[in-house]
Amino acid sequence: MSGPALPPLPTEILTSEPSRVAEEWIDLYGHMNMARYVALFDEVGYALQERWGLGETYTGETRKGLFVVDVAVSYKRELTAGTPLTLALRLLEADAKRLVSLMELRRADDGTLAATMEQLSVHADLTTRRVVPFEPPVAERLRDLAAVHGALPLPAGHRRRLTCRG
């Protein structure tokens, strides 16, 4: 049985449409609550993964998906209500069952880096709830994408903290 047709793989760093910091995301200190940063990384990052062929369509067709097992968040700049935002997603590393992605939350008006989140995910079968390898064509595409993205410079001052190895 063959898997789903694979869409052309975009090799550029994926960037979301601009949005704005909502008033309800602001905490008592007058800036965006730390949990909202992580929620944005999760929500927008998941939507961007669709363009890698690993989003909702993939899960619906294969009953497989990505389980996040570790994150490393670094808060760089304060964000206040109304600040325009974009989120970028790149793949840093991939192996047969895991991948490490890097998301960057930036001000959309001046490009200032507000936060980063590295994310280690495992590929899981949603029926058995067990970690399983990617199908070989998917694994190969992800490794190729990680090689392209891995050759690009990281955000200034960013130090990798997660890896697929052990």
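Residues numbered from 1 in each chain as written. Predicted model: local features only at pLDDT ≥ 70, side-chain atom pairs only at ≥ 80, totals over all residues. Heavy atoms only, no water.

### A word on the overall build of the chain
Next, step 1: A count of helical and extended segments in the chain gives three helices and seven strands.
Next, step 2: Along the chain, from the amino end to the carboxyl end, the secondary structure elements read β-β-α-α-β-β-β-β-β-α.
Next, step 3: Here the chain has a C-alpha radius of gyration of 16 Å; the compact-globule value for 166 residues is 15 Å, and the two agree.
Next, step 4: C-alpha extents for the chain along the principal axes are approximately 55 × 30 × 30 Å.
Next, step 5: When the 166 residues of the chain are sorted by exposure, 45% land in the buried category.
Next, step 6: Across the chain, contacts joining residues at least 24 apart in sequence account for 72% of those joining residues at least 6 apart.
Next, step 7: Element-wise, carbon and sulfur atoms account for 53% of the exposed surface of the chain, whose accessible area totals about 8900 Å².
Next, step 8: Each charge class in the chain was averaged separately, 20 positive and 22 negative side chains, and the resulting centres sit 6 Å apart. (Helix = DSSP H or I, 4+ residues; strand = E, 2+ residues; numbered from the N terminus. Rg over C-alpha atoms; globule rule 2.2 N^0.38 Å. Buried < 20%, exposed > 50% of the residue type's maximum accessible area, 1.4 Å probe, protein only. Contact = heavy atoms within 4.5 Å. Areas by Shrake-Rupley, 256 points an atom, 1.4 Å probe, with all protein chains shown as cover. Lys, Arg positive; Asp, Glu negative; His and termini not counted. Charge placed at Lys NZ, Arg CZ, Asp CG, Glu CD.)

### Here's the deal with the environment of Thr116
Next, step 1: Looking at the secondary structure, you find Thr116 in strand E6 (residues 113–125).
Next, step 2: Residues Thr116 and Glu104, 12 residues apart in the sequence, show an inter-C-alpha distance of 4.6 Å.

### Focus on the environment of Asn33
Next, step 1: By secondary structure assignment, the location of Asn33 is in the loop between strand E2 (19–20) and helix H1 (34–49).
Next, step 2: Expressed as a C-alpha distance, the spacing of Asn33 and Val138, which sit 105 residues apart in the sequence, is 36 Å.

### Considering the layout of surface pockets
Next, step 1: Estimated volume of the second largest pocket: approximately 200 Å³.
Next, step 2: Within the residue set of the lining of the second largest pocket, elements represented by two or more residues are H1, strand E3 (64–75) and E6.
Next, step 3: Counted by class, the lining of the second largest pocket contains eight nonpolar, six polar and one charged residues. (1 Å grid on protein atoms, 1.4 Å probe; cavity = no way out; pocket = protein on both sides within 12 Å on 5 of 7 lines; lining within 4 Å. Points joined across faces, edges and corners; volume = space filled by probe spheres on them. Nonpolar A, V, L, I, M, F, W, Y, C, P; charged D, E, K, R; others polar.)

### Details of the nonpolar core
Next, step 1: In terms of nonpolar packing, the biggest core is built from 30 residues, with Met32, Phe41, Leu79, Leu91, Leu105, Phe134 and Leu142 touching the most fellow members.
Next, step 2: Only H1, strand E4 (84–94), strand E5 (98–107), E6 and helix H3 (136–150) provide two or more residues apiece to this core.
Next, step 3: Those residues within four positions of Leu91 in sequence are excluded, and the remaining contacts are Trp52, Leu99, Val100, Ser101, Leu142, Leu145, Ala146, His149 and Gly150.
Next, step 4: Core analysis: the next-biggest nonpolar cluster, separate from the first, contains seven residues, Ala72, Val100, Leu102 and Leu120 among them. (Core = buried A, V, L, I, M, F, W, Y, C linked by side-chain atoms within 4.5 Å.)

### Some details on the pattern of salt bridges
Next, step 1: Counted according to the given criterion, the structure contains nine salt bridges.
Next, step 2: Across the salt bridge formed by Arg36 and Glu43, the nearest N and O atoms sit 3.4 Å from each other.
Next, step 3: Several salt bridges converge on common partners, so that one network encompasses Arg90, Glu104 and Arg106. (Salt bridge = Lys/Arg side-chain N within 4 Å of Asp/Glu carboxyl O.)

### Focus on the environment of Leu99
Next, step 1: For Leu99, the location among the structural elements is in strand E5.
Next, step 2: Sequence separation between Leu99 and Ala139 is 40 residues, and the spatial gap between their C-alpha atoms is 9.7 Å.
Next, step 3: Discounting residues that sit within four places of it in the chain, Leu99 has contacts with Leu54, Leu66, Leu91, Glu93, Ala94, Gln119, Leu120, Ser121, Phe134, Leu142 and Cys164.

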